[in-house]
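What follows is the residue order along each chain.
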Amino acid sequence: MEDVLDEVVSSEDLQKFEKIFHEQLHQGNITPKAQFEYAWCLVRSKYPTDIRKGILLLKELFNSHSEGKRDYLFYLAIGNARIKEYNKALHYVKSFLEIEPANQQVLALEHQINKRMEKEGLMGMAVAGGAVLAIGGLVGLGIALASKKK
């Protein structure tokens, strides 16, 4: 399975569904289908502000429209993972798996999220470790310079 967390929407699709959404918004009657399609594009955007906007639209759908909850949960998980809100993403994955425990696509998504958390956790520890070494080196250099002056 391709890593759905790296999938980016085409600008043509985003513009197409954004136009439909805004036309319906202007008319005062947004269908759940138009809102979902626009949110689906937004969470696959390369821009974090678009992703957050898509998450808000999906949350609104989840709370107001009972049909499609599985799809809303799936894309809420993707959107949150794409902005590195991994705990929220896993919450949505687990909620989906309560409904459908054997869904292979969601199980694969859970695995991808866990891999990213592990990778970024290790990278975070390396950065923090490097900072500690740099600070330690500066303190050591300061002590050496101070003792030379005496």
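By the naming in an unreviewed UniProt entry, the protein goes by Mitochondrial fission 1 protein and is assigned to Vanessa tameamea. The heading Function (unreviewed entry) in the UniProt record of the protein holds the text "Involved in the fragmentation of the mitochondrial network and its perinuclear clustering." Entered under Sequence similarities (unreviewed entry) in the UniProt record, the comment concerning the protein runs "Belongs to the FIS1 family."

Participant: Help me understand the pattern of salt bridges, please; the structure alone is not making it clear to me.
Facilitator: In this structure the tally under the stated criterion is eight salt bridges. The partner of Asp-6 in a salt bridge is Arg-116, with the nearest N and O atoms 2.5 Å apart. With Asp-6 in the segment before helix H1 (11-27) and Arg-116 in helix H6 (residues 104-149), this pair connects stretches of sequence that are 110 residues apart. Take Asp-6: its relative accessible area is 48%, and that puts it in the partly exposed class. Of the charged contacts, one joins Glu-23 and Lys-19 as a salt bridge, the two residues approaching to 3.4 Å between their closest N and O atoms. Of this pair, Glu-23 and Lys-19 both sit in helix H1, separated by four residues, roughly a single helical turn.

Participant: Explain H1 to me, please; I cannot follow it from the model alone.
Facilitator: Think of an α-helix as 3.6 residues a turn; residues three or four steps apart then line up on the same face. The first and last C-alpha atoms of H1 sit 24 Å apart over 17 residues, in line with the 24 Å expected at 1.5 Å per residue. Here H1 has its buried residues at Leu-14, Phe-17, Phe-21 and Gln-24. The arc that holds every buried residue of H1, seen down its axis, measures 105°, which confines them to one face. Residues Glu-12, Gln-15, Lys-19, His-26 and Gln-27 are exposed on H1 and point more than 90 degrees away from its buried face. The positive-phi residue at the C-terminal boundary of H1 is Gly-28, with phi of around 80°.

The rules behind these values
- Residues numbered from 1 in each chain as written.
- Predicted model: local features only at pLDDT ≥ 70, side-chain atom pairs only at ≥ 80, totals over all residues.
- Heavy atoms only, no water.
- UniProt positions renumbered as here; feature names shortened; annotations may be inferred.
- Salt bridge = Lys/Arg side-chain N within 4 Å of Asp/Glu carboxyl O.
- Helix = DSSP H or I, 4+ residues; strand = E, 2+ residues; numbered from the N terminus.
- Buried < 20%, exposed > 50% of the residue type's maximum accessible area, 1.4 Å probe, protein only.
- Expected span 1.5 Å × (residues − 1).
- Arc of directions from axis to C-beta.

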